[in-house]
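# Summary of structural features
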Protein chains: 2
Amino acid sequence: MVGPENVSIDPADLACYGADAGFVTGRPDGVVLPATTEETAAVLSLAADAGLPVVPRGAGTGTAGGAVPTRGGLVVALTRMHRIHEIDRRDLVGVVDPGVVTGDFQAAAEREGLFYPPDPASLAVCTLGGNAATGAGGARAVKYGVTRDYVLGCEVALPDGRVVQLGGRTAKGVVGLDLTRLLVGSEGTLGILTRLVLRLVPMPPAVATLAGVFRAPADAAAAVGAVFSAGLVPRCAEFLDRMSLACIGGDLPFPVPGDAGALVLLEVDGPPARVREEAAEAAGRFEAAGALRVFPAAEPGAAEALWAARRGLSPALKRLGRPHKVSEDVCVPRGRLADLVAAVEEIGGRHRVTVLVFGHAGDGNLHVNFLFDREDPGEAGRVEAAVADLMRRTLALGGTISGEHGVGAAKRPFIRWETGPDVLDLMRRVKSVFDPRGLMNPGKVFPDDADVG
Amino acid sequence: MVGPENVSIDPADLACYGADAGFVTGRPDGVVLPATTEETAAVLSLAADAGLPVVPRGAGTGTAGGAVPTRGGLVVALTRMHRIHEIDRRDLVGVVDPGVVTGDFQAAAEREGLFYPPDPASLAVCTLGGNAATGAGGARAVKYGVTRDYVLGCEVALPDGRVVQLGGRTAKGVVGLDLTRLLVGSEGTLGILTRLVLRLVPMPPAVATLAGVFRAPADAAAAVGAVFSAGLVPRCAEFLDRMSLACIGGDLPFPVPGDAGALVLLEVDGPPARVREEAAEAAGRFEAAGALRVFPAAEPGAAEALWAARRGLSPALKRLGRPHKVSEDVCVPRGRLADLVAAVEEIGGRHRVTVLVFGHAGDGNLHVNFLFDREDPGEAGRVEAAVADLMRRTLALGGTISGEHGVGAAKRPFIRWETGPDVLDLMRRVKSVFDPRGLMNPGKVFPDDADVG
């Protein structure tokens, strides 16, 4: 029994559970917080009987509206299911509830000498279930891959109240269709993840972090390219543009030169001696690419300060005094990074909108933030046009409209541009296998006929 | 136009295309070798009009009968589509036809300083399309993952003759349901892969290989566990049991001690200095685990000799003089390796069958080979019972009935034991989305009602 204390129709709660970290909002008919798989399945069963839409939710840190009840219904928040069931050093796996906070799991793995690499910027708050549902990425994807690469198995509560186990806890497995990976990134449109089996790797013994400041974004992109061409695989290669730098410059542990137009934050890991060598080699490549300043985060706390500034960037955008933000997460093939940065600059100029870019340069995955005032209809319209332009340009560069946030409600209008009608139709029909009545997270991922595209 | 010279109903051809490297056989009604995506799609369209089953085939090196036309129909062999379209150093991707031989692609990548890690033992012959269709693994999966982890995108000819593009060439991408990964490992039951976009990584600058000989399999398993516990991630950790050693002992570049009961072949890669350190550390762990002999493959050619012996093991089993072989590829959680080896020994004894074990110890993925004479009905029956026992024991250890070969026709009778009826039903219905008429590779993966389980 979920119990009345874990069900709410209080207007204040409904408002809370009607938003995520993005701009899409909605209002649920009710909120339920189950504590177990059985309770989750029972809630789904009752919702099915009532014909009520179900919107699964972790910590609500998504930015695409995936967890927002845009069509009402029941928000099923998994935050009470937050137990780490196992961390097994011999099998190199962890077994967790969906509501476990990503950073808590990383800390628990670390205490066993193990490492869970996926690191969305919101890792101090976001949950593993949400990470799996969106297929979350992060800065370390360059070397370690994304959440998808770490989900070995999962338990799923289906919309009709049945519970199934997918995948397992083996390193390899090819039995039948890969439904495990189908659930990863399905954004709550197929069922609710009630347990995850996650792959762990040995903790790398050492890490070295350095920052390079460049005059122009193209220099920064060339520096990242040079590091890869040297055969290095940094675990992170983050890019910040001029305006991002302006936002968090004061939080960095070194003074930023006045003519700085871009920053690259690079991190390597591995055995201590090798890490020192690689950091030195990367620093050399930065110098050769014309860096204005190379800052090796050698002092205690310096690396933490760099990362705190980087992870604080999204909230820090408020300092720019623009009330609203649309944050995209387009991704292009690695070699087209500089082209994407140039395209963004051009789009910003042409539509006369404030645009700020940072993100995962090593993956070609950039966060493009349009800052504006929604009350100004002219500006809001220009941002809308700029976003559509960004999607078109990204696709023309061979990229994808979402590298790690997912489609949610926000990018639904553009999905068909990327998939085409036939693939979208296949996806819809696969969804129908799991959710024939269309009750799981309606209004997400799949566009309405009225949407553009 | 495929052209008459690329279509055959010649009995000799039909016999050739009626088998793979395993024991399942069939006989197609015809064989077609298309040269392009368009030709492949046209063949599918014609087959659909005629209501003819279609069996996609690469090099036919599978062992589970996945490419065997057990219900007749048209074998569509992709071997004429063998062009490497691109190897892009900036994007770190390769774009290939499905019929490209895995080893050829690896060599081409290496010429660009890049590395394509997946290495099924048949890599000199097998094709990338077959690797993707089965979700092939290999020895290097310990560190680098399996084929699934390298397929960024694919082109698929659907059973109705349409062609769709899935995924892309970006490092990240979470747009819509992950149909790319659904196709990987689908064993030709959904469509035909006509092009692949594969992820590449920088070539590791150095490799070191060593072999350890142990008195008992449990010592070998403990040695592998100790290497992982030390925080090392070897790129391969291969296990051979006593009888495997007896088979290829003469091919090894060192004399095998008489009381040898197991061999571990270990390989590390990375920067030269680090590789030397890691190899020395692994050797130390082997000694500490009671190795009878540690052989560092330091001399030129020694590592190649070790691998040639390992890769030649499957064919070398013929030397044991038993005419038939059933080769399983069960996989258990890493920590249960010794339990699996003990279970196999016990099963062999109880059913009085000759059994021989080798495989990927680092992944808990073992190849269990039952050697017998099919003409001896008593022995054949005992092998059948032993195989069923192996599946049960593997599942009881938390494992999977197939780590890397796939279900094909051979393991179809057991799939339900692993998935349960609900998951199997979901898989069937997902297949129906792609192949509503059931013409794609019928009689594979999904069991008939008559099968056990």
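Residues numbered from 1 in each chain as written. Chains lettered and ligands numbered in written order. Predicted model: local features only at pLDDT ≥ 70, side-chain atom pairs only at ≥ 80, totals over all residues. Heavy atoms only, no water.

### Overview of the overall build of chain A
To keep it simple, the criterion reads: Helix and strand definitions follow DSSP, with helices as H or I runs of at least four residues and strands as E runs of at least two, each counted in order from the N terminus. In this description the radius of gyration comes from C-alpha coordinates, and the expected globular size is given by 2.2 Å times residues to the power 0.38. Throughout, a residue-residue contact means that at least one pair of heavy atoms, one from each residue, lies within 4.5 Å. Values of accessible area rely on a 1.4 Å probe in the Shrake-Rupley scheme; residue burial ignores everything except the protein chains shown. This count recognises Lys and Arg as positive and Asp and Glu as negative, with His and chain-terminal groups excluded. Charged groups are reduced to one reference atom each: NZ for lysine, CZ for arginine, CG for aspartic acid, CD for glutamic acid.
What chain A contains, in helices and strands, is 14 helices and 18 strands. The C-alpha radius of gyration computed for chain A amounts to 22 Å, which stays within 12% of the reference 22 Å derived for 453 residues, consistent with globular compactness. With the C-alpha coordinates aligned to their principal axes, the bounding extent of chain A is approximately 65 × 60 × 40 Å. Across chain A, the fraction of contacts at a sequence separation of at least 24, relative to all contacts at a separation of at least 6, is 74%. About 15,800 Å² of surface is accessible on chain A, with carbon and sulfur atoms providing 53% of the total. Averaging the positions of the 46 positive and the 54 negative side-chain charges in chain A gives two centres separated by 2 Å.

### Structural notes on the interface of chain A and chain B
Using the following cut-off: Throughout, buried area stands for the accessible area (probe radius 1.4 Å) lost by two parts on being put together, summed over both. Salt bridges are identified by distance alone: a Lys or Arg side-chain nitrogen within 4 Å of an Asp or Glu carboxyl oxygen.
At the interface, 74 residues of chain A touch 74 residues of chain B. Of the roughly 6,000 Å² buried between chain A and chain B on both sides combined, carbon and sulfur atoms contribute 65%. Connecting chain A to chain B are eight salt bridges. Taking the shortest distance from any N to any O, the salt bridge between Asp422 of chain B and Arg162 of chain A comes out at 3.3 Å.

### Some words on the pattern of salt bridges
Rules: Working definition: with a 1.4 Å probe on protein chains only, accessible area under 20% of the residue-type maximum means buried, over 50% means exposed, and in between means partly exposed.
Counted under the stated rule, the structure contains 66 salt bridges over all chains. Across the pair Asp178 of chain B and Arg148 of chain A runs a salt bridge, and its minimum N-O distance is 3.7 Å. One end of the pair, Asp178 of chain B, is in the loop between strand 9 (163-167) and helix 6 (179-183); the other, Arg148 of chain A, is in the loop between helix 5 (141-144) and strand 8 (151-157), on a second chain. Comparing Asp178 of chain B with Arg148 of chain A shows no difference in burial state: the two are buried.

### Some points on the nonpolar core
Here is a general trend for soluble globular proteins: nonpolar side chains tend to be buried in one another's company. How we decide: For our purposes a nonpolar core is just a set of buried Ala, Val, Leu, Ile, Met, Phe, Trp, Tyr and Cys residues, chained together by side-chain atoms within 4.5 Å.
Counting 187 residues, the largest nonpolar core has Leu179 and Phe434 of chain A together with Leu179 and Phe434 of chain B as its most contacted members. With sequence-adjacent residues up to four places away left out, Phe434 of chain A is seen in contact with Leu158, Pro159, Leu179, Leu182, Leu183 and Leu190 of chain A together with Leu426 and Val430 of chain B.

### Considerations on the sheet that holds strand 4 (residues 74-77) of chain B
Residues and elements named next belong to chain B. Operational definition: Each pair of strands is called paired provided DSSP finds at least two bridges between the two strands. In this description, a line fitted to the C-alpha atoms serves as the axis of each element, helices being fitted only across the stretch in contact, and the angle between N-to-C directions of two axes falls anywhere from 0 to 180 degrees.
The sheet built from four strands is open, its strands ordered 1-2-4-3 with mixed pairing. Each of the sheet's edge strands pairs with one partner strand only, and the pair in question is strand 1 (7-8) and strand 3 (54-57). Pairing of strand 3 with strand 4, which is carried by four bridges, proceeds in the parallel orientation. Residue Arg57 lies in a different strand from strand 4, and its bridge partner there is Ala77. In the packing of helix 2 (residues 37-50) onto the sheet, contacts are made with strand 2 (30-32), strand 3 and strand 4, and the angle to strand 4 comes to roughly 175 degrees.

### Considering the relation of the copies chain A and chain B
Quick note on the threshold: Alignment of copies: least-squares fit on C-alpha atoms of residues with pLDDT of at least 70 in both copies.
Mapping chain A onto chain B leaves a residual RMSD of 0.0 Å; the transformation is a rotation of 180 degrees accompanied by 0.0 Å of translation along its axis. On the angle and the small slide along the axis, the relation comes out as a two-fold axis. For chain A, the smallest separation between a C-alpha atom and the rotation axis is recorded for Val430 of chain A, amounting to 2.9 Å. Both copies contact each other with a shared surface, as 100% of the interface residues of chain A are interface residues in chain B too.

### Comments concerning the UniProt feature "domain: FAD-binding PCMH-type" (unreviewed entry) in chain A
Convention followed: UniProt positions are given in the numbering used here, feature names are shortened, and annotations may be inferred rather than shown by experiment.
Using the residue numbers shown here, the UniProt feature "domain: FAD-binding PCMH-type" (unreviewed entry) corresponds to residues 24-203 of chain A. Secondary structure across residues 24-203 of chain A comprises 22% helix and 24% strand; the distance between its end C-alpha atoms is 38 Å.

### Quick look at the pairing of strand 9 of chain B
All names here are of chain B. Sheet topology places strand 8 (residues 151-157) next to strand 9; five bridges connect them, and they run antiparallel. The residue bridging Glu155 from the neighbouring strand is Gln165, located in strand 9. Linking strand 8 back to strand 9 in an antiparallel pair, the connection comprises five residues, with Gly161 at a positive phi of about 95 degrees.

### Some thoughts on the packing of aromatic side chains
We count it as follows: Think of it this way: a Phe, Tyr or Trp ring, Trp meaning its six-membered ring, pairs with another when their centres are within 6.5 Å, and the plane angle makes it stacked under 30 degrees, edge-to-face over 60, tilted otherwise. Cation placement over rings: the criterion is NZ of Lys or CZ of Arg within 6 Å of the ring centroid and within 35° of the ring normal.
This model, assessed by the stated rule, comprises twelve aromatic pairs over all chains. Geometrically, the ring pair formed by Phe115 of chain A and Tyr144 of chain A is edge-to-face, given 5.2 Å between the ring centres and 85 degrees between the ring planes. Of this pair, Phe115 of chain A sits in strand 7 (residues 114-115) while Tyr144 of chain A sits in helix 5; the two residues are 29 residues apart in sequence, bridging distant segments of the chain. With a centroid separation of 5.1 Å and 70 degrees between ring planes, the pair formed by Phe105 of chain B and Tyr116 of chain B is classed as edge-to-face. Pair noted here: Phe105 of chain B is in helix 3 (residues 102-111) and Tyr116 of chain B is in the loop between strand 7 (114-115) and helix 4 (128-134), with a separation of eleven residues, a long-range link. Of the two residues, Phe105 of chain B and Tyr116 of chain B, both sit in the buried class. Ring-pair connections join several aromatic residues into one group, and the members of that group are Phe105, Tyr116 and Tyr150 of chain A. Between the NZ or CZ atom of Arg199 of chain A and the centre of the ring of Tyr150 of chain A, over which it lies, the distance is 4.5 Å.

### Comments concerning the domain arrangement of chain A
All names here are of chain A. The condition that has to hold: Start and end points for every domain follow an automatic or database-based domain assignment. Each residue is assigned to one class: nonpolar for Ala, Val, Leu, Ile, Met, Phe, Trp, Tyr, Cys and Pro, charged for Asp, Glu, Lys and Arg, and polar for all the others, Gly among them.
For chain A, the assigned domains are domain 1 (4-77), domain 2 (84-202), domain 3 (206-314) and domain 4 (321-433). The C-alpha centroid of domain 4 is placed 27 Å from the C-alpha centroid of domain 1. At the interface, eight residues of domain 1 touch twelve residues of domain 4. Both faces combined, the contact of domain 1 with domain 4 buries some 640 Å², and carbon together with sulfur accounts for 61% of it. Together, Phe23, Thr63 and Ala64 form the three largest contributors to the area buried by domain 1 at its contact with domain 4, with a combined 75%. Linking domain 1 to domain 4 there are zero salt bridges. Broken down by class, the residue content of the side of domain 1 that touches domain 4 amounts to three nonpolar, four polar and one charged.

### Digging into the environment of Ala67 of chain B
All names here are of chain B. For Ala67, the position within the fold is in the loop between strand 3 and strand 4. Sequence separation of Ala67 and Val24 is 43 residues, and the distance between their C-alpha atoms is 9.6 Å. Once residues lying within four places of it in the same chain are set aside, the contact partners of Ala67 are Val55, Pro56, Arg57 and Lys444.

### Here we look at the pairing of strand 17 (residues 354-360) of chain A
Residues and elements named next belong to chain A. For strand 17, a buried count of six out of seven residues is recorded, marking the element as mostly surrounded by other parts of the structure. The sheet contact formed by strand 13 (residues 236-241) and strand 17 spans three bridges and is antiparallel. Note that in strand 17 the partner of Leu240 across the bridge is Phe358. For strand 17 and strand 18 (residues 365-372), the ladder comprises seven bridges, and the chain directions are antiparallel. Along strand 18, the bridge assignment pairs Val355 with Phe370.

### Let's talk about the environment of Arg429 of chain B
All names here are of chain B. The topology assignment puts Arg429 in helix 14 (residues 415-434). Note on Arg429: relative accessible area 31%, which makes it partly exposed. Distance in space between the C-alpha atoms of Arg429 and Gly191 is 15 Å, their sequence separation being 238 residues.

### Some thoughts on the packing of helix 12 (residues 337-351) of chain A against helix 13 (residues 377-396) of chain A
Residues and elements named next belong to chain A. Put simply, the rule reads: The labels follow the angle: roughly parallel below 35 degrees, roughly antiparallel above 145, roughly perpendicular from 65 to 115, and oblique for the rest. Two helices crossing with the near one rotated counterclockwise from the far one by less than a right angle form a left-handed crossing, whereas a clockwise rotation gives a right-handed crossing.
Two elements in contact, helix 12 and helix 13, have axes whose closest approach is 10 Å; the angle formed by their N-to-C orientations is 155 degrees. What the angle tells us is that helix 12 and helix 13 run roughly antiparallel. For helix 12 against helix 13, the interelement crossing comes out right-handed. Residues Leu340, Ala343, Val344, Glu346, Ile347, Arg350 and His351 of helix 12 form the contact with helix 13, whose own contacting residues are Arg382, Ala385, Ala386, Asp389, Leu390, Arg393 and Thr394. Taken together, the residues that form the contact of helix 12 with helix 13 break down as seven nonpolar, two polar and five charged.

### Details of the environment of Pro272 of chain B
If you trace the backbone, Pro272 of chain B turns up in helix 9 (residues 272-288). Residue Pro272 of chain B is classed as partly exposed on the basis of its relative accessible area, which comes to 40%.

### Here we look at the state of the cysteines
For the record, the criterion: We call a pair of cysteine sulfur atoms a disulfide whenever their separation is within 2.5 Å.
Per the counting criterion, the structure on display carries zero disulfides over all chains. In this structure Cys154 of chain B is not part of a disulfide, and its nearest cysteine sulfur, from Cys331 of chain A, lies 17 Å away. Cys331 of chain B forms no disulfide, and the closest cysteine sulfur to it belongs to Cys236 of chain B, at a distance of 15 Å.

### Brief notes about helix 10 (residues 302-311) of chain B
Each α-helix turn comprises 3.6 residues. Residues three or four places apart therefore point the same way. Residue and element names in this part refer to chain B. Put simply, the test is: What the arc covers is the set of directions going from the helix axis to the C-beta atoms.
Taken together, the buried positions of helix 10 are occupied by Ala302, Ala303, Leu306, Trp307, Ala309 and Arg310. For helix 10, the arc enclosing every buried residue in end-on projection is 160 degrees, short of the 170-degree limit, so these residues lie on one face. Along helix 10, exposed side chains directed more than 90 degrees from the buried face belong to Glu304 and Ala308.

### Quick notes on helix 14 of chain B
The condition is simple: What a helix should span is 1.5 Å times the count of its residues minus one. Think of it this way: the bend at a residue is just the angle between two axes, each fitted to seven residues, one set ending at that residue and the other starting at it.
Between the first and last C-alpha of helix 14 of chain B there are merely 21 Å, a value that for 20 residues lags more than 12% behind the 28 Å anticipated at 1.5 Å per step. The largest bend along helix 14 of chain B reaches roughly 85 degrees and is located at Pro421 of chain B. Of all the residues in helix 14 of chain B, the buried ones are Ile415, Arg416, Thr419, Gly420, Val423, Leu424, Leu426, Met427, Val430, Lys431, Val433 and Phe434 of chain B. In the core, the buried residues of helix 14 of chain B are packed alongside strand 9 (163-167), helix 6 (179-183) and helix 14 (415-434) of chain A together with helix 6 of chain B.

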